[in-house]
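Fold and contact review
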Amino acid sequence: MADKLIYFNIPGRAEIARLILAHSGEDFIDHRISKKEFDGMKDELPFGQVPLLETVEDGVIAQSMTIARYLANKFDLVGADDMQRAQAEEIVDAINDIMEPLFAVIVPNDPKERKEKNEEAIEKFRSGAVKLEKRLEMRGGQFFAGNTVTWADLHFTNAVLLLKKLNGYKALDGCPLLRDLDNRICALPNISKWIKQHWNM
Ligand SMILES: N[C@@H](CCC(=O)N[C@@H](CS)C(=O)NCC(=O)O)C(=O)O
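Quantities reported herein were computed from a predicted structural model and do not represent experimental measurements. (Residues numbered from 1 in each chain as written. Predicted model: local features only at pLDDT ≥ 70, side-chain atom pairs only at ≥ 80, totals over all residues.)

1. Re the sheet that holds strand S2 (residues 28-33)
Rule in force here: For two strands to be treated as a pair, DSSP must find at least two bridges joining them. For helices the rule is a DSSP run of H or I covering at least 4 residues; for strands it is a run of E covering at least 2, with both sets numbered from the N terminus onward. Helix axes use the C-alpha atoms of the stretch in contact, all axes being lines fitted to C-alpha atoms, and the angles between their N-to-C directions lie in the range 0 to 180 degrees. We call two residues in contact when the distance between their C-beta atoms, placed using the backbone, is within 7 Å.
With mixed pairing, the 4 strands of this open sheet are ordered in space as S2-S1-S3-S4. Looking along the sheet, the strands with just one partner apiece sit at the ends: S2 and strand S4 (59-62). The mean angle between the axes of side-by-side strands here comes to 20°, regardless of whether they run parallel or antiparallel. For strand S1 (residues 3-8) and strand S3 (residues 52-55), the ladder comprises 3 bridges, and the chain directions are antiparallel. Its bridge partner lying in S3, isoleucine 6 is registered against leucine 52. Contacts from helix H1 (residues 15-24) reach S1, S2 and S3 within the one sheet, and its direction differs from that of S1 by about 145°.

Structural data, given as structure tokens:
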């Protein structure tokens with residue numbers, strides 16, 4: 001028996017949970033559904049949306065950030081004390097602010113609108129990244145909270161994976177600490193394996 005994470009066959013809002021699970025090394029069911037399957041289950045979902053985590057021990061949890069926080073707690077990735085937990089959550093929230101426009105790029109079908117949204121999203125990412133770089137520097141330059149990996153660091157790499165897919169890695173020009181952090185997270189054995197398998201990078 002293993003926890004089952006239900007989402008579409010895209011990275012999107014479930015990818016941080018997948019990365020936490022992959023990093024933990026624990027078996028999980030990465031259940032990827034079609035739009036048709038989603039339509040069939042929508043009315044049964046707590047908020048009519050995915051991702052959804054069906055846990056073996058604790059029942060069903062909805063909302064991407066709640067799922068990610070639950071898993072981060074389970075696998076000891078939240079920080080060592082109240083302040084580190086708050087520092088990690090602050091960064092997760094800040095990353096969500098600059099990821100939201102990246103999600104919006106994926107939606108429009110019109111190539112012109114997509115291109116415009118892509119440029120706007122990358123610009124927003126660039127200005128957010130400069131602030132994150134300063135935050136990382138203030139905290140010693142290695143990790144966003146404490147002296148070991150937390151879900152904030154994994155979420156940063158999650159955002160950068162999407163950024164790379166949208167040809168926006170240049171948004172991190174001038175942010176050497178962030179690039180170094182991302183390289184170190186990408187080199188973690190289970191994360192490296194996940195990226196090769198699922199992102200083809
Ligand atoms: N606040 C929710 C938003 C979830 C959400 O927007 N899910 C989308 C996929 S990314 C969805 O289920 N869309 C289908 C629909 O709303 O019918 C979360 O973070 O989990």
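The discussion continues.
2. Here's the deal with the pairing of S2
What counts here: Consider the strands pointing away from the viewer: the crossover is right-handed when the path from the first strand over the helix to the second runs clockwise.
Across 6 bridges, S1 lies against S2 in parallel orientation. Note on S2: the bridge partner recorded for aspartate 3 is phenylalanine 28. The parallel pair S1 and S2 is bridged by H1, and the resulting crossover is right-handed.

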